[in-house]
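Understanding the architecture of this molecule
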Amino acid sequence: MASNSEIPKSMFAWRKHRGNPEPGHEGCGQIVQIGPEVTGTKFKIGDIVALHAVSGCAMPDCSECSRDLSQICEIGHHSGIGQDGFYAPYAAIESRGAVLVPEGVTPAEAAVATDAVTTAYHAIHRRGEVKASETCFLFGLGGLGFNALQIVHNIGARVIVCDIRQERLDEAAKLGIPSSDIVPVGKSPQEFVMENDLKIDTVLDFVGTHQTFEDAQHIVRRGGKLLCIGSLNTENVIHMKIGTRKRLSYIFSYGGQVRDLEEVLQLIAEGAIRPQVKPARLEDFPEILKQLEEGKVESRIALMHD
Ligand SMILES: [Zn+2]
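As a convention, each chain's residues are numbered from 1 in the sequence order in which they are written. With the structure being a predicted model, the display of local features is reserved for residues of pLDDT at least 70 and the display and counting of side-chain atom pairs for 80 or more, all residues being used for whole-chain, interface and lining totals. Values shown for side chains rest on all heavy atoms present in the structure; no hydrogens or waters enter the calculation.

A few points about the coordination of the zinc ion
With water excluded from the atoms, a metal site may look incomplete; its donors are any N, O or S atoms within 2.8 Å, or within 3.2 Å for Na, K and Ca. Protein coordination of the zinc ion is provided by Cys57 (SG), Cys62 (SG), Cys65 (SG) and Cys73 (SG), with donor distances spanning 2.3 to 2.4 Å. Considering all four donor atoms around the zinc ion, the spread of angles at the metal, 104 to 117°, places the coordination shape in the tetrahedral class. The motif formed by the donor residues of the zinc ion, counted along the single chain, is C-x4-C-x2-C-x7-C. For Cys62, a relative accessible area of 3% corresponds to the buried category. Here the metal geometry follows the donor angles, with tetrahedral for four donors whose angles all fall between 85 and 135 degrees, square planar for four and octahedral for six when opposite donors are more than 155 degrees apart and every other angle is between 65 and 115, and irregular for all the rest. Only protein chains enter the accessibility calculation, which uses a 1.4 Å probe; a residue whose area is less than 20% of its type maximum is buried, one above 50% is exposed, and one in between is partly exposed.

Written as structure tokens, this is what we have:
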């Protein structure tokens, strides 16, 4: 919210001491200072705002921002993605990247909303254009995938879920996904779709392994869509014959935009989406990182400054 010359001094001290850019690309904070170039009455000191990490440069001659692709703009600041982010005690961002957090949304929820929910929302609504009449097949119920499940559920589309972890499938069941729409652990998705005579309109691949991408091309109906978000394997095989004969759409998605974040925060406030996130203290970061490596973190943890 402040211009560069007004970034609180502590931020520079912190940067100098650490040497590396401060991480943290999902942020929520309280406004402590507003730069003189910020006009209007939208924001005031003390407001709690969700912070979008990449809101673009907004220049009319930017090849990405001018085509409504702010999330892949290379000119604007990338908070916490190779550049200083939100784990710093103070962060400065352009006002276009800040969204007021509505009543009923916790700061931890608002922080994960900025990417883990917004990325899923952008993929499903803007890229996949998923409709209520569709049957979707969702690979992966992790940090993004579980939010995706809630977003598709909220649209009213049927969603078949698949994950290698039973506890994640149990979470989907708690959300109201019928057992007939949950692929049992160890069951082949291709067999499941065939045996249940399912017509999959859209596959949402939040995993992106050789296996999920392979299965996706086989299980999607003719004329269907493959929505690619996860990229656990950096290279996967596209079957040209399947893609052309079935006339498939392979759709890739990356990140989301501020307008997605605004809509997402509203949905969280209404209770339509409940991001899975637990708060913890920033100083416990090394211990939490260890838990993450050991697979003990179920979804997401929000690190809070005291
Ligand atoms: Zn730009």
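Moving on, there is more to tell.
Considerations on the sheet that holds strand 7 (residues 220–228)
Ordered by their spatial adjacency, five strands build an open sheet running 5-4-6-7-8, and the pairing between neighbours is parallel. Across the chains shown, the open sheet's two edge strands, defined by having one partner strand only, are strand 5 (158–162) and strand 8 (249–252). Within the sheet, the average angular offset between the axes of one strand and its neighbour, ignoring direction, is 20°. Running at roughly 170° to strand 4 (residues 135–139), helix 3 (residues 145–155) makes contact with strand 4, strand 5 and strand 6 (200–205) of the sheet. Should any heavy atoms of two residues lie within 4.5 Å, those residues are considered in contact. Every axis corresponds to a line fitted to the C-alpha atoms, with the helix fit spanning only the stretch in contact, and the corresponding angles, defined between N-to-C directions, vary from 0 to 180 degrees. Helix and strand labels come from DSSP, where a helix needs a run of H or I of at least four residues and a strand needs a run of E of at least two; each type is numbered from the N terminus. Across the face of the sheet, helix 6 (residues 210–219) comes into contact with strand 4, strand 6, strand 7 and strand 8 while running at roughly 150° to strand 7. Here the rule is simple: two strands pair whenever DSSP picks up at least two bridges between them.

A few points about the sheet that holds strand 1 (residues 27–30)
An order of 1-2-3 is seen for the three strands of this open sheet, with the pairing classed as antiparallel. In this open sheet, the two strands that pair with only one neighbour each are strand 1 and strand 3 (98–100). Each strand axis lies, on average, 35° off the axis of its neighbour in the sheet, ignoring direction. Summarising the sheet, strand 2 (residues 48–51) and strand 3 pair through three bridges and their orientation is antiparallel. When the bridges of strand 3 are listed, Val49 appears paired with Leu100. Sitting on the sheet, helix 2 (residues 107–127) is in contact with strand 1 and strand 2, with an inclination near 135° to strand 1. On top of the sheet, helix 8 (residues 258–269) reaches strand 2 and strand 3; it is set at about 20° to strand 3, its chief contact.

Description of the UniProt feature "domain: Alcohol dehydrogenase-like C-terminal" (unreviewed entry) in the protein chain
Within the UniProt annotation, "domain: Alcohol dehydrogenase-like C-terminal" (unreviewed entry) is assigned to residues 143–270. Taken end to end, residues 143–270 is 43% helix and 19% strand, and its first and last C-alpha atoms sit 20 Å apart. UniProt positions are given in the numbering used here, feature names are shortened, and annotations may be inferred rather than shown by experiment.

Looking at the pattern of salt bridges
Between side chains of opposite charge, pairing is possible as soon as their charged atoms come close. Think of a salt bridge as a Lys or Arg side-chain nitrogen and an Asp or Glu carboxyl oxygen that are within 4 Å of each other. Taken as a whole and judged by the stated rule, the model has 18 salt bridges. Lys296 is the partner of Glu294 in a salt bridge, and the nearest nitrogen-oxygen pair spans 2.9 Å. Of the residues examined, Glu294 reaches a relative accessible area of 44% and is grouped as partly exposed. Since its relative accessible area comes to 57%, Lys296 is described here as exposed. What you see here is one network of salt bridges that share partners, running through Arg126, Asp260 and Glu263.

Here's the deal with the packing of aromatic side chains
Put simply, two rings from Phe, Tyr or Trp (the six-membered ring, in Trp's case) pair if the centres are within 6.5 Å, and we call them stacked under 30 degrees between planes, edge-to-face over 60, tilted for the rest. The tally for this structure, following the rule as stated, stands at three aromatic pairs. Ring centres of Tyr87 and Phe285 lie 5.6 Å apart, and the angle between their planes is 65°; on these two criteria the pair is classed as edge-to-face. Of this pair, Tyr87 sits in the loop between strand 2 and strand 3 while Phe285 is found in helix 9 (residues 285–293), placing the two residues 198 residues apart along the sequence. Classification of Phe285 by relative accessible area gives partly exposed; the value is 29%. Ring geometry for Phe213 versus Tyr250: centroids 6.1 Å apart, planes at 50°, classification tilted. With Phe213 in helix 6 and Tyr250 in strand 8, this residue pair connects regions lying 37 residues apart in the sequence. The criterion for a charge sitting over a ring is simple: Lys NZ or Arg CZ within 6 Å of the ring centre, and within 35 degrees of the ring normal. The ring of Phe146 has Arg168 lying over it, and the distance from NZ or CZ to the ring centre is 5.1 Å.

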